[in-house]
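# Residue-level structural notes
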There are 2 protein chains.
Amino acid sequence: MNEPHIHSPASPNARPTAREQIAACGGRVTRTRLAVLEALHGSAHPLSHDELGDMLAAEAIAHDRVTLYRALDWLVERGLARRIAGGDRAWRFEVVRGAAHRHAHFHCDRCGQVLCLEQLEAAPAAALPTGYSVERAELVLHGHCAACGPEHSAAEIR
Amino acid sequence: MNEPHIHSPASPNARPTAREQIAACGGRVTRTRLAVLEALHGSAHPLSHDELGDMLAAEAIAHDRVTLYRALDWLVERGLARRIAGGDRAWRFEVVRGAAHRHAHFHCDRCGQVLCLEQLEAAPAAALPTGYSVERAELVLHGHCAACGPEHSAAEIR
DNA sequence: CTTCTAGTGCAACATTGTAGCATCTGGCGT
DNA sequence: ACGCCAGATGCTACAATGTTGCACTAGAAG
Ligand SMILES: [Mn+2]
Ligand SMILES: [Mn+2]
Ligand SMILES: [Zn+2]
Ligand SMILES: [Zn+2]
């Protein structure tokens, strides 16, 4: 830890810290929100509630599932995080980086790992029936990740 | 009902009936499978397990949720039906018509209705990391359907 | 009609997420 | 530095969706 002890905006025009982001949204900086947002910032891929729960448990933070759900809800409401649908019924969460930039994701149907496909935009431009309005699009590619390998067929799991 | 009483392949080269489809897959033609597949054939949009359950209940078929889940699993395994992910955690099911032809879907975030966007192909052609293999893509547009209207904001529900 | 296995019904369970409510605490005013 | 109190937490109970195990039924083959 090489930061000064007195909490300050650190460098004037650097990317805001998790702490600053939370405060800027008018919310209290609690250990749960801080740990969750930092975990999301530090992760290369979107994290499930369960994965986050394990990480917080390792840090002896967040003794309750519900608190984590609520922290995540709050981050999403405030636009600091984003929810991704995956193929199973569990949400994944990632930090919102560049304003919009909605990209596609890859979901490994074996291990459940989700990967961001930053290059692949999820832009539809579809012709919908009158009266329909689109708010966002979700593009998810399904298959097997490198670790799980394409050679194993579904039956071979376990 | 204008079919002959004796069950026959009806017209020689017409689209196979639900009964024929099921039999052709080597499965037993049970009331549940038959009713489900016919319901899917007759529906303009993908149906949730719950919607199907209501329809079967109205016909006094399928006295058990599990049986319906298993019938649907079977239809999907045999390639007669397809599972669609929606934004909520409930699967929708639709009949598989033209072999592949994987199209996008629209999900109304208000009423949960799912609409097929036959024109919009869900084809990715993305550059994935080495070792990753894509099996299929799911493209879901989210918003409000015509019935629910775009004017109502989220808070106004109920 | 009998037989045999695939399918069904029921109960119990698993996973993921919500709602209510009492208690605690972060940040503010003093 | 201290006390306050709305906002955050922890706990319990609940809801929605789907799965597993097992005894019983029934589709269809002979
Ligand atoms: Mn992403
Ligand atoms: Mn469709
Ligand atoms: Zn994997
Ligand atoms: Zn709607």
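Placed above this text is the structure.
The paragraphs below set out a description of the structure included in this document. Everything quoted here is computed from the prediction, not taken from an experiment. All chains use their own residue numbering, which begins from 1 and follows the written sequence. The order in which chains are written sets their letters, starting at A; the order in which ligands are written sets their numbers, starting at 1. Local features in this predicted model are restricted to residues whose pLDDT is 70 or higher, and side-chain atom pairs enter the listing and the counts only when it is 80 or higher, whereas totals over whole chains, interfaces and linings include all residues. Side-chain metrics rest on all non-hydrogen atoms present in the structure, leaving aside hydrogens and water.

Moving on to the sheet that holds strand β3 (residues 92-95) of chain A. Residue and element names in this part refer to chain A. At least two bridges found by DSSP between two strands are what make those strands a pair. Numbering goes from the N terminus for both helices and strands, where a helix is a DSSP run of H or I of at least four residues and a strand is a run of E of at least two. Overall, antiparallel pairing links the three strands, which are arranged β1-β3-β2 in an open sheet. Only two strands of the sheet have a single neighbouring strand rather than two, namely β1 (47-48) and β2 (81-84). Alignment of β1 against β3, held across two bridges, turns out to be antiparallel. Counterpart to S48 in the pairing with β3 is R92.

A few words now on the protein's contact with DNA strand D. In these notes, residues near a molecule or strand are those with any non-hydrogen atom within 4 Å of it. Lining the immediate environment of DNA strand D, one finds 22 residues, of which A:R28, A:R33, A:R70, B:V29 and B:W91 sit closest. Considering the 4 Å shell around the protein, atoms of DNA strand D inside it are sugar or phosphate in 52% of instances. A:R28 places a polar side-chain atom, nitrogen or oxygen, 2.7 Å from a base nitrogen of DNA strand D. Polar contact criterion, stated in full: a pair of N or O atoms within 3.5 Å, where within protein one must be able to donate a hydrogen and the other to accept it, and residues adjacent in sequence count only if both atoms are side-chain atoms. A distance of 3.3 Å separates a base oxygen of DNA strand D from a polar atom in the side chain of B:R70. Broken down by secondary-structure element, the contributors of at least two residues to the surface near DNA strand D are α2 (31-42) and α4 (65-77) of chain A together with α4 (65-77) of chain B. Here the element with the most residues in the surface near DNA strand D is α4(B); it accounts for four residues. When its residues are assigned to classes, the surface near DNA strand D shows six nonpolar, six polar and 10 charged. Residues are grouped as follows: Ala, Val, Leu, Ile, Met, Phe, Trp, Tyr, Cys and Pro are nonpolar; Asp, Glu, Lys and Arg are charged; all remaining types, including Gly, are polar.

Once that is clear, we can look at the coordination of the manganese ion (ligand 1). All names here are of chain A. Any N, O or S atom lying within 2.8 Å of the metal counts as a donor, with the limit raised to 3.2 Å for Na, K and Ca; because water is left out of the atom set, some sites can appear incomplete. With distances of 2.0 to 2.3 Å, the protein atoms coordinating the manganese ion (ligand 1) are E94 (OE), H103 (NE2), H105 (NE2) and C116 (SG). Mapped onto the sequence, the residues coordinating the manganese ion (ligand 1) show the spacing E-x8-H-x1-H-x10-C. This pair shows no difference in class: E94 is buried, exactly as H103 is. For every residue, the accessible area (1.4 Å probe, protein chains only) is compared with the maximum for its type, and the residue is labelled buried under 20%, exposed over 50%, or partly exposed between those bounds.

We call two residues in contact when some of their heavy atoms are within 4.5 Å. On the chain A side, the residues contacting the 30 residues of chain B number 30 residues. The term buried area refers to how much accessible surface (probe radius 1.4 Å) is lost by two components on association, counted for both of them together. Interface of chain B and chain A: buried area, both sides summed, is about 2,700 Å²; carbon and sulfur atoms make up 62% of it. Of all residues in chain B, B:R89, B:Y132 and B:H142 give up the largest surface area on contact with chain A, accounting jointly for 20% of the area buried on that side. A pair is scored as a salt bridge if a Lys or Arg side-chain nitrogen falls within 4 Å of a carboxyl oxygen belonging to Asp or Glu. Put simply, chain B and chain A have two salt bridges between them. For B:D109, the salt bridge goes to A:R136, with nearest N and O atoms at 3.2 Å.

Pairing is mixed across the open sheet formed by six strands, whose spatial order is β5(A)-β4(A)-β6(A)-β6(B)-β4(B)-β5(B). At either end of the open sheet lies a strand with only one pairing partner, and these are β5 (114-121) of chain A together with β5 (114-121) of chain B. If you compare each strand with its neighbour and ignore which way they point, the axes differ by 30° on average. Bridging between strand β4 (residues 103-108) of chain B and β5(B) involves five bridges; their strand directions are antiparallel. By the bridge assignment for β5(B), B:H103 is matched with B:E121. The axes used here are C-alpha line fits, helices contributing only the stretch in contact, and every angle between their N-to-C directions lies in the interval 0 to 180 degrees.

The next subject is helix α3 (residues 49-58) of chain B. Residues and elements named next belong to chain B. Listed in full, the buried residues belonging to α3 are H49, L52 and L56. Axial view of α3: buried residues confined to an arc of 65°, hence all on one face. Of the exposed residues in α3, those oriented more than 90 degrees away from the buried face are D50, D54, A57 and A58. Those residues of α3 that are buried are in contact with α2 (31-42), β1 (47-48), α4 and β3 (92-95). Downstream of α3 by a residue or two, A60 has a phi angle that is positive, lying close to 60°. This arc is built from the directions going out from the helix axis to the C-beta atoms.

We now examine the relation of the copies chain B and chain A. Take chain B, turn it by 180°, move it 0.0 Å along the axis, and it overlays chain A with an RMSD of 0.1 Å. On this basis, the relationship between the two copies can be described by a two-fold rotation axis. Minimal C-alpha separation from the rotation axis in chain B is found for B:L139, amounting to 2.2 Å. When the interface residues of chain B are mapped onto chain A, 100% of them again fall at the interface, so both copies present the same face. A least-squares fit on C-alpha atoms brings the copies together, and the residues used are those whose pLDDT is at least 70 in both copies.

Six octahedral donors around a metal ideally sit at 90 or 180 degrees from one another, while four tetrahedral donors ideally sit at 109.5 degrees. Residues and elements named next belong to chain B. Coordination sphere of the zinc ion (ligand 4), protein contribution only: C108 (SG), C111 (SG), C145 (SG) and C148 (SG), at 2.3 Å. Between 85 and 135 degrees for all angles marks four donors as tetrahedral; over 155 degrees for opposite donors together with 65 to 115 for all other angles marks four donors as square planar and six as octahedral; every other arrangement is irregular. Each of the four donor atoms bound to the zinc ion (ligand 4) contributes to angles spanning 106 to 116°, and the resulting shape is tetrahedral. In primary sequence terms, the donor set of the zinc ion (ligand 4) follows C-x2-C-x33-C-x2-C. On the accessibility criterion, C145 (5% relative accessible area) is buried.

Side chains that differ in sign of charge can pair as their charged atoms come close. Residue and element names in this part refer to chain B. Within this structure, the stated rule accounts for 12 salt bridges over all chains. Note that R83 is salt-bridged to D73, the shortest N-O span being 3.3 Å. Taken together, the residues span a long stretch of sequence, with R83 in strand β2 (residues 81-84) and D73 in helix α4 at a distance of 10 residues. Residue D73 is classed as partly exposed on the basis of its relative accessible area, which comes to 31%.

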